[in-house]
Amino acid sequence: MSDTYQYYGDQVGGDKFEVHGHGIGKIVHHGPPDQQAALRELLAAVQALRPQVPGTDRQVIDESLATLQSPRPEPARLRRALGAVSGVATMVGQVGVPVVEAVRKVLTALGI
């Protein structure tokens, strides 16, 4: 019988705990992601992408930015805005990758 074990626990209050060890455990704490930092990263990535897309896509970005920059957007509007900017970013290819990655971080940070 081996004394080696790994435990990947459930999240408790937004926290994730990992325990690894050989009889003696090591606990690594991953706190909740910083929502505001994730959103700032997304806004910067979207602003950088905006001049590189056609006019119709810029309109989609502008409409989405209005929601993303509002202090407390309603969850359904926020989700639509994230989907819209992610869709534009996906359609333009490699130049849109930073936006797609930033959207994923926001979704993770918000628990969506």
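Definitions and limits used
- Residues numbered from 1 in each chain as written.
- Predicted model: local features only at pLDDT ≥ 70, side-chain atom pairs only at ≥ 80, totals over all residues.
- Heavy atoms only, no water.
- Salt bridge = Lys/Arg side-chain N within 4 Å of Asp/Glu carboxyl O.
- Helix = DSSP H or I, 4+ residues; strand = E, 2+ residues; numbered from the N terminus.
- Buried < 20%, exposed > 50% of the residue type's maximum accessible area, 1.4 Å probe, protein only.
- Lys, Arg positive; Asp, Glu negative; His and termini not counted.
- Contact = heavy atoms within 4.5 Å.
- pLDDT = per-residue confidence, 0-100.
- Expected span 1.5 Å × (residues − 1).
- Arc of directions from axis to C-beta.
- Axes fitted to C-alpha atoms, helices over the stretch in contact; angles between N-to-C directions.
- Left-handed = near helix turned anticlockwise from the far one by under 90°.
- Nonpolar A, V, L, I, M, F, W, Y, C, P; charged D, E, K, R; others polar.

In this section: the pattern of salt bridges. Enumeration over the complete set of coordinates arrives at two salt bridges. Put simply, Lys105 and Glu41 hold a salt bridge, and the shortest N to O gap is 3.0 Å. Here Lys105, found in helix H4 (residues 97–110), pairs with Glu41, found in helix H1 (residues 35–49); they are 64 residues apart in sequence, far enough to count as distant. Owing to a relative accessible area of 35%, Glu41 belongs among the partly exposed residues under this scheme. The partner of Arg50 in a salt bridge is Asp62, with the nearest N and O atoms 2.6 Å apart. With Arg50 in the loop between H1 and helix H2 (55–68) and Asp62 in helix H2, this pair connects stretches of sequence that are twelve residues apart. The partly exposed category is assigned to Arg50, whose relative accessible area is 27%.

The next thing to look at is the side chain of Asp57. Relative to the helices and strands, Asp57 resides in helix H2. Although Asp57 is buried, it forms no salt bridge, and the closest oppositely charged side chain is Arg58 at an N-O distance of 8.5 Å. In this view, Asp57 contacts Val88 and Val92; residues no more than four positions away in its chain are not counted.

All right, on to the confidence of the model for the protein then. Taken residue by residue, the protein gives an average pLDDT of 81. The fraction at 70 or more is 71%. Confidence, read as mean pLDDT per element, is least for strand E1 (residues 4–8) in the protein (44) and greatest for helix H3 (residues 75–91) (96). Note on residues 1–14: pLDDT under 50 across the span, and 25 contacts to partners over four residues away in sequence or across chains.

Let us now look at H3. Because an α-helix completes one turn every 3.6 residues, residues spaced three or four positions apart along the sequence face the same direction. The end-to-end C-alpha separation of H3 is 24 Å, in line with the 24 Å expected for 17 residues at 1.5 Å each. Listed as buried for H3 are Leu78, Ala81, Leu82, Val85, Ser86, Val88 and Ala89. End-on, the buried residues of H3 take up no more than an arc of 160°, which puts them together on one face. Turned more than 90 degrees away from the buried face of H3, the exposed residues are Arg79, Arg80, Thr90 and Met91. Of the surrounding elements, those touching the buried residues of H3 are H1, H2 and H4. Downstream of H3 by one or two residues, Gly93 has phi in the positive range, about 85°.

A pair of packed helices is captured by two measures, namely the crossing angle of their axes and the spacing between those axes. One way to put it is that H2 packs onto H3 with a least axis distance of 9 Å and a crossing angle of 150°. Every pair of crossing elements has a handedness; the one defined by H2 and H3 is left-handed. Across the interface between the two elements, Asp57, Val60, Ile61, Ser64, Thr67 and Leu68 from H2 touch Arg77, Leu78, Ala81, Leu82, Ala84, Val85 and Val88 from H3. Residue classes in the contact of H2 with H3 are distributed as nine nonpolar, two polar and two charged.

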